[in-house]
Amino acid sequence: MNIGKRRRNLRRVRAAQTAIWIVISVLGAVAFGVLALARGETISAAWLLIAAVCTYVIGYRFYSKFIATKVFGLDPRRATPAERLNNGRDFVPTNRWVLFGHHFAAIAGAGPLVGPVLAAQFGYLPGTLWLIIGVVLGGAVQDFTILCCSLRRDGKSLGQMAKEEVNKLTGVTAMFAVLCIMIILLAVLALIVVNALKASPWGLFTIACTIPIALLMGWWMRSWRPGKVGEASAVGAVLLIAALVGGGWVANHPTLGPAFTHSGIALTWMLIAYGFVASVLPVWMLLAPRDYLSTFLKVSTVLILAVSILIILPVLRMPALTTFATVGEGPVFAGKLFPFAFITIACGAISGFHSLVASGTTPKMITREPDARLIGYGGMLMESFVGVMAMIAACTLDPGVYFAMNTSPAALAQASDLLNQAGFVVTPETMQALAAQMGEQTLVARTGGAPSLAVGMAHIFSGLTTALGGGGKSLTALWYHFAIMFEALFILTTIDAGTRVGRFMLQELAGHFWPRLGKTSWYPSVIAASAVIVAGWGYFLYQGVVDPLGGINSLWPLFGISNQLLAAVALCVATTILIKMGRQRYLWITLGPLIWLIIVTMTAGYQKVFSADPKLGFFAHAATLAGSVDPNAARLIFNDRLNAIVALFFMAVVAMLVVTSAREWWLVLSKRKPAVVHETPFVPSSSPI
C-alpha cells in the first residue's frame, strides 16, 4: 500500500513538473512571437525580459545538465585540484556561492554593459536574439566546457591545454597571442574605470571601501568564523550599503570631497598598485571576498532593474530593426548587422576572455566537481541577463537622445539625413534639459555606451520610485550617478581577476625557459610575473589617459574581434579534448558555435583591415590621412597600421590553431594517432558528498 502510494505521489510530482516546464516553454515562445511579429506597434520591454528568463531557465535545467552528466560525467566523489593541491593561496576550496560571486564578478566587465548599448544602433531585435540564443548554445557552453577541462587538468590555462592537446608550437604561439590580448583588454577596462571615477569622489569612495570590507569578509570566513558565509555576507552587505550612502556625504564634504577627487593620472597609479596587490595576495584574502561582495551590488541592481521593468512596463522606443542594419553607415560605428552586431555584443553572448577565467582562478577554487555547472554555465547566463537589461535600458530611450549621446558631432552630421528620415531627431533644448535632470553639464557626444546606459537605468529606477510614491523624478540625478558607479564597479572586478589570470599565463610561458618560474605559487615568480603584467597594461592605460586621441583608445575596434577569436581558440581546444575523451557523438556541442564564430570573426577582421570604406577599414582610413596638416595625423596613421597588423596576427594565429586542431581531429578519429587524454588520475575526495 505504501509503495503504491509513493508511486502515485511520484507520478503526480512528475506531472506537475512537466506542466511547469510546458508553461515556461509556451510563455517564452509567446514572448519571442510578440517581439518578432511586431510591425510598428508599441512593444513593452517586459517581453524582452520574459523571453530571456524563460530561455535561460530551460537552457540551464536541461542543456547544462546534459553536458554535466552525459558529456563530462561530473563526479562529486572525485577530488578537485582545490582539495588535492590546497596551498592556501591559489588552490583554495571555496564555498560554491562565494565562488559563483567571484567568477561572475571576474567575467562580467564592460562587455555586457556597453556592447548591447552600442549594438542598439541596429534595433532591439538582432541584439536580443544574439544575447539569448548565443549564450545558451555558445557562451555558456564555452565557459562550462573549458572549466570542466581545466578542472580535470589541475587548473591549467587555456594556452597550456592547447599546447598539450593540440600541438606544442601552436599552443605556445596561442599562449603568447592570448597574453597580448589580455594585456590590451585589461588596459581598456582600466581606462573605462579611470574615466568613470575621474573627478567623482562619490564613486571613488564607495569602490575604495569595498577593499577593506572584502578583507574583513575574507578574515571572517577563513579565520574568525570559518564556514559562516551567511554571517559574512550579511555584514558585507550592510557595510556596502553604508559605503554607498556615505559616498554622497563624502562628495559634499568640504575636506573629504577634494581628498577623493583625483585626476586620471593619479587614478592610473592607484589602479596599477591595486592590480599588483590583488594578484600577489592569497586569493581568499582579497580577490574572492571582494568579487563576492561586488556581486551583491551587481546582481541585486540587475534584479531590481528587472522587477522595475515588470512593474512600470516601459515601452521600447527603438524599432526592432533600424535602417543602419543594412546600410552599414551607422553613426555609432560603421559596419552592417552581419558581422558587426555579433562582434559588438561579445561578452553577453560569448566571450573568449571568459575561457581565461574558467581556466585561471576558478578551477583552482572549486570544492566539488558538480559545482562547475552552476558556476560555469549559470554564471554566463547571469552575464547575458545583464546584457539584456542593458539592451532594454538603451532601447527605452528616445532614439534621438540615444544617437545624440553615442555619436560624435561629425558622425551625427554625416548621418543626419538617415536619422531625419527615420524620425530619430532631438533638439539641443531637449539634450540640455536631460543633462540638467541627470546633474551633468552636457550629455551630447558621451560616446562609449556607459552614459546612455546610466540614463536609461535612471529613467527606469525613477519610474519605479514614482510608481511606489517616492517622488522618483527628484531622484533621477542620484540614480544616474549610482548607475555610473555601478558600471565602474562592474568593470573593476574584472581587472583584478584578469591580472591574476595574466600572471598565471606569464608564469606558464616563463616556465619553458626556467621550470621554477612556472610554479604559480612560488612567491618570487608570483611577484615578478605580477609586476610585468601590471606594467604592461599600466603602460597602455597611461598612454590612453594622457593621449586620448591615440594609445589604447585606437585599439578599441580590435577588442570585439580579438575577444571572439579567443572564444574560437577555446572551442577548438574543447572540441579536441572531447574527441580524445571518446565523446565524438557530442561534438556538435562545441563544433557548432566554433564554425559560427570563425565565419563571423574572420569576416569582421577582413573588413576591418581591407575594406575600402575609410570609416571601416584601417588601411583605408590611414590613406585618407596621408598628407594631412593635422598634427595628430602621423600618430593616427601609425595607430591604424598597428591595428591592421595586430588584427592580422590574431587572425593568423587562430587560423593556424584551427588547421592544426582539424588535423589532430582527423588523425585521432581515423585511428592514425592514439587518443591520449591528459587528465589527472582519479583521486577520491575526502570531503562529504
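Counting of residues starts from 1 at the beginning of each chain's written sequence and follows it residue by residue. Reporting in this predicted model follows two pLDDT cut-offs: at least 70 for local features of residues, and 80 or more for side-chain atom pairs to be given and counted; totals over whole chains, interfaces and linings ignore these cut-offs and use all residues. Calculation of side-chain values draws on the structure's entire complement of heavy atoms; hydrogens and water are dropped beforehand.

Asker: For this particular structure, what's the right way to read the overall build of the protein chain?
Answerer: The helix and strand labels rest on DSSP assignments: H or I over at least four residues marks a helix, E over at least two residues marks a strand, and numbering proceeds from the N terminus. Looking only at helices and strands, the protein chain features 28 helices and zero strands. A compact globule built from 689 residues should have a C-alpha radius of gyration of about 26 Å, and the protein chain, at 25 Å, falls within 12% of that. In this scheme, a residue with accessible area under 20% of its type's maximum is buried, one over 50% is exposed, and one in between is partly exposed, where area comes from a 1.4 Å probe on protein chains only. Looking at the 689 residues of the protein chain, the share that counts as buried comes to 57%. Here, two residues are considered to be in contact whenever any of their heavy atoms come within 4.5 Å of each other. Put simply, of all contacts in the protein chain between residues at least 6 apart along the chain, 83% involve residues at least 24 apart. With the model as given, the accessible surface of the protein chain reaches about 26700 Å², and the carbon-plus-sulfur share is 68%. Between the mean site of the 49 positive side-chain charges and the mean site of the 27 negative ones, the protein chain shows a separation of 14 Å. In this description the radius of gyration comes from C-alpha coordinates, and the expected globular size is given by 2.2 Å times residues to the power 0.38. Accessible surface is estimated by sampling points in the Shrake-Rupley manner with a 1.4 Å probe; for residues, cover comes only from the protein chains shown. For the purpose of charge, His is not counted, nor are the chain termini; Lys and Arg are scored as positive and Asp and Glu as negative. For charged residues, the charge sits on one atom: NZ in Lys, CZ in Arg, CG in Asp, CD in Glu.

Asker: For this particular structure, what's the right way to read the state of the cysteines?
Answerer: Note on terminology: a disulfide is the covalent bond linking the sulfur atoms of two cysteines. Two cysteine sulfur atoms form a disulfide, by the criterion used here, when they sit within 2.5 Å. Per the stated rule, a full pass over the model turns up zero disulfides. For C347, which is in no disulfide, the shortest distance to another cysteine sulfur is to C395 and amounts to 18 Å. Looking at C347, the relative accessible area reads 12%, which means it is buried.

Asker: How should the nonpolar core be read in this particular structure?
Answerer: Residues Y56, F72, Y124, L356, M389, L443 and W537 are the most contacted members of the largest nonpolar core, which totals 192 residues. Among the elements that line this core, the one with the most residues is helix 17 (residues 371-395), at 17 residues. Here W537 is in contact with I183, L186, A187, A190, L271, I272, G275, I495 and T499, once residues within four sequence places are set aside. We define a nonpolar core as any set of buried Ala, Val, Leu, Ile, Met, Phe, Trp, Tyr and Cys residues linked to one another through side-chain atoms lying within 4.5 Å. Core analysis: the next-biggest nonpolar cluster, separate from the first, contains 10 residues, F205, C209, M217 and W220 among them.

Asker: Looking at this structure, I do not really get the packing of helix 5 (residues 111-119) against helix 17. What am I missing?
Answerer: The relative placement of two packed helices is expressed as an angle between their axes plus a distance between the axes. It is at 8 Å that the axes of helix 5 and helix 17 come closest, and there the two elements cross at 40°. By the criterion of interaxial angle, the relationship of helix 5 to helix 17 is oblique. Here helix 5 runs over helix 17; the crossing is right-handed. In contact with P112, L113, P116 and V117 of helix 5, helix 17 contributes E383, V386, G387, A390, M391 and A394. To obtain an axis, a line is fitted to C-alpha atoms, over the contacting stretch when the element is a helix, and the angle between two such axes runs from 0 to 180 degrees between their N-to-C directions. An angle below 35 degrees is read as roughly parallel, one above 145 as roughly antiparallel, one from 65 to 115 as roughly perpendicular, and any other as oblique. Each crossing gets its hand from how the near helix is turned against the far one by less than a right angle, where anticlockwise is left-handed and clockwise is right-handed.

Asker: Could you clarify how one ought to interpret the confidence of the model for the protein chain in this entry?
Answerer: In regions of low pLDDT, the predicted coordinates are not meant to be interpreted in detail. Here the protein chain averages 83 in pLDDT, and 92% of its residues register 70 or above. Confidence drops under a pLDDT of 50 for residues 548-553, and excluding neighbours within four residues, the segment shows 17 contacts in the predicted structure. Values of pLDDT, the confidence the predictor places in each residue, fall between 0 and 100.

Asker: I would appreciate a short explanation of the pattern of salt bridges in the present structure.
Answerer: Oppositely charged side chains can pair when the atoms bearing their charge come close. By convention in these notes, a salt bridge is any Lys or Arg side-chain nitrogen within 4 Å of a carboxyl oxygen on Asp or Glu. Across all of its chains, the model carries 12 salt bridges by this definition. Put simply, R77 and D75 hold a salt bridge, and the shortest N to O gap is 3.1 Å. Since its relative accessible area comes to 53%, R77 is described here as exposed. In this structure, D154 and R84 form a salt bridge, with 2.5 Å as the shortest nitrogen-oxygen distance. Placement of D154 in the loop between helix 6 (124-151) and helix 7 (158-165) and of R84 in helix 3 (residues 81-84) is noted, with a sequence separation of 70 residues between them. We classify R84 as partly exposed; its relative accessible area is 28%.

Asker: Help me out: how do you make sense of the packing of helix 6 against helix 26 (residues 588-610) in this one?
Answerer: Remark: helix 6 packs on helix 26, axes separated minimally by 10 Å, with the N-to-C direction vectors making an angle of 120°. Viewed along their axes, helix 6 and helix 26 adopt a mutual orientation that is oblique. Where helix 6 crosses over helix 26, the handedness of that crossing is left-handed. The residues of helix 26 that touch helix 6, namely those facing W130, L137, G138, V141 and T145, are I589, T590, P593 and W596. Polar here means any residue other than Ala, Val, Leu, Ile, Met, Phe, Trp, Tyr, Cys and Pro, which are nonpolar, and Asp, Glu, Lys and Arg, which are charged; Gly is therefore polar. Grouping the constituent residues of the contact of helix 6 with helix 26 by class yields six nonpolar, three polar and no charged.

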